[in-house]
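Architecture and fold: a report
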Amino acid sequence: MTAEPTPPSPSPQAQHQQAPSTLGVGVVVWLASELMFFAGLFGAYFTLRSINGEWPPDDLELETARTAAATVVLVASSFVVHLAVVAARRGDRRGAVRWLGVTGLMGAVFLTNQVVEYAAASFQIDDHAYGSIFYLMTGFHGLHVVGGLVFMGAVAIAIAGRSRAPTYETVEVCSYYWHFVDVVWVFMFATIYLLR
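Residues numbered from 1 in each chain as written. Predicted model: local features only at pLDDT ≥ 70, side-chain atom pairs only at ≥ 80, totals over all residues. Heavy atoms only, no water.

Points about the side chain of Asn113
Filter applied, for reference: Helix numbers and strand numbers start at the N terminus; a helix is a DSSP run of H or I with at least 4 residues, a strand a run of E with at least 2. Think of it in three bands: residues with accessible area under 20% of the maximum for their type are buried, residues over 50% are exposed, and the middle band is partly exposed, with areas taken using a 1.4 Å probe on protein chains only. When checking whether two residues touch, look at their non-hydrogen atoms; a contact exists if any pair is within 4.5 Å.
Looking at the secondary structure, you find Asn113 in helix H4 (residues 93-120). A residue is classified by how much of its surface remains accessible, and Asn113, at 8% relative accessible area, is buried. Dropping the residues within four chain positions of it, Asn113 is found in contact with Arg66, Thr67 and Ala70.

Here you go:
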């Protein structure tokens, strides 16, 4: 009786390609916790809205058109960061760095609009409940955008230098974070600026 030949075991490289990325899984779990944080802010917004008669106060004006334009820039930056992922997948480090830089500039445009809006706003964080939740929601989102810019800058420096960091995986998890920030803002913009 002859023993059946055992199938060849997959190479370590093939096993690595099939296994989920530890970094990717970690970032997704972290983003899930961030989602819960923002869900709490949205919950607070709608709770305050339900118990306050005037929402927002009648004398309050937001720069909806300008912020809509900044929103378009931020959403477009998601497509640009995807180009960085595509370049990284091809092994084009220089292209990935270039697209990350363009994404960073677009994020900076978005933040500039937020700073201008804060400077021109006719209300402060302690004027009323609307002011408090407006600044909390947009401020925490703005801090996440700043964090995303720092993250992108660190990734760009790592892959532009002599680092042995895996280019594709590193750029891809950076894009996860940036897409998350963009999607959260789309819901935030609709809630604060459109559902009035």
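A closer look at the packing of helix H3 (residues 64-89) against H4
Using the following cut-off: To define axes, lines are fitted to C-alpha atoms, for helices over the stretch in contact only, and angles between the resulting N-to-C directions are given on a 0 to 180 degree scale. Orientation categories follow fixed angle ranges, with anything under 35 degrees roughly parallel, anything over 145 roughly antiparallel, 65 to 115 roughly perpendicular, and all other angles oblique. Two helices crossing with the near one rotated counterclockwise from the far one by less than a right angle form a left-handed crossing, whereas a clockwise rotation gives a right-handed crossing.
Where H3 meets H4, the axes come as close as 8 Å, and the angle between the chain directions of the two elements is 165°. Compared by their axis directions, H3 and H4 come out roughly antiparallel. Judged by the twist between their axes, the crossing of H3 over H4 is left-handed.

A look at the nonpolar core
Just so we agree on the cut-off: Buried residues of nine kinds, namely Ala, Val, Leu, Ile, Met, Phe, Trp, Tyr and Cys, make up a nonpolar core once their side-chain atoms join them within 4.5 Å.
Core analysis: the biggest nonpolar cluster contains 45 residues, and Leu100, Tyr130, Val171 and Ile192 have the highest contact counts within it. Elements with a minimum of two residues in this core: helix H2 (22-51), H3, H4, helix H5 (129-160) and helix H6 (167-194). What Ile192 contacts, discounting residues up to four positions off in sequence, is Tyr45, Leu62, Tyr130, Phe134, Met137 and Thr138.

Some details on the side chain of Gln114
Inclusion rule: Pairs of N or O atoms are called polar contacts if they sit within 3.5 Å, as long as, within protein, a hydrogen donor faces a hydrogen acceptor (for residues adjacent in sequence, only side-chain-to-side-chain pairs).
Relative to the helices and strands, Gln114 resides in helix H4. A polar atom in the side chain of Gln114 sits 2.5 Å from the backbone oxygen of Thr138.

Quick notes on a nonpolar patch on the surface
Test applied: Only residues whose relative accessible area exceeds 30% and that form no salt bridge are eligible for patches; like-charged ones are grouped when within 9 Å, while nonpolar side chains (Val, Leu, Ile, Met, Phe, Trp, Tyr) are grouped when within 5 Å. Here the Shrake-Rupley method, with its probe set to 1.4 Å, supplies the accessible areas, and only the displayed protein chains count as covering residues. Every case where a carboxyl oxygen of Asp or Glu lies within 4 Å of a side-chain nitrogen of Lys or Arg is listed as a salt bridge.
Residues Val75, Phe79, Val183, Val186 and Phe187 make up a contiguous nonpolar surface patch of about 480 Å² in total accessible area. Those elements that provide at least two residues to the nonpolar patch are H3 and H6. A per-element tally of the nonpolar patch places H6 first, with three residues. Mapped onto the fold, Val186 is located in helix H6.

Re unusual backbone geometry
In the segment running from Trp55 into Pro56, the intervening peptide bond is cis, with an omega of -10°. Within the secondary structure layout, Pro56 lies in the loop between H2 and H3.

Focus on the packing of aromatic side chains
For clarity, the threshold we go by: Side-chain rings of Phe, Tyr and Trp, where Trp is taken by its six-membered ring, are said to pair if the distance between their centres is within 6.5 Å; with planes under 30 degrees apart they count as stacked, over 60 as edge-to-face, and otherwise as tilted.
For the structure shown, the criterion picks out 19 aromatic pairs. Ring geometry for Phe123 against Phe134: centres 5.3 Å apart, planes inclined by 70°, an arrangement best described as edge-to-face. Here Phe123, found in the loop between H4 and H5, pairs with Phe134, found in helix H5; they are 11 residues apart in sequence, far enough to count as distant. Ring centres of Phe151 and Tyr177 lie 6.2 Å apart, and the angle between their planes is 70°; on these two criteria the pair is classed as edge-to-face. Of this pair, Phe151 sits in helix H5 while Tyr177 is found in helix H6, placing the two residues 26 residues apart along the sequence. A relative accessible area of 27% means that Phe151 is categorised as partly exposed. In textbook terms, an aromatic cluster arises when at least three aromatic residues are bridged by ring pairs, as seen for Tyr45, Phe46, Trp55, Phe110, Tyr118, Phe123, Tyr130, Phe134, Tyr135, Trp185, Phe189 and Tyr193.

Quick look at the environment of Asp127
Relative to the helices and strands, Asp127 resides in the loop between H4 and H5. The partly exposed category is assigned to Asp127, whose relative accessible area is 45%. Here the side chain of Asp127 touches Gln124 through a polar contact of 2.8 Å, landing on its backbone nitrogen.

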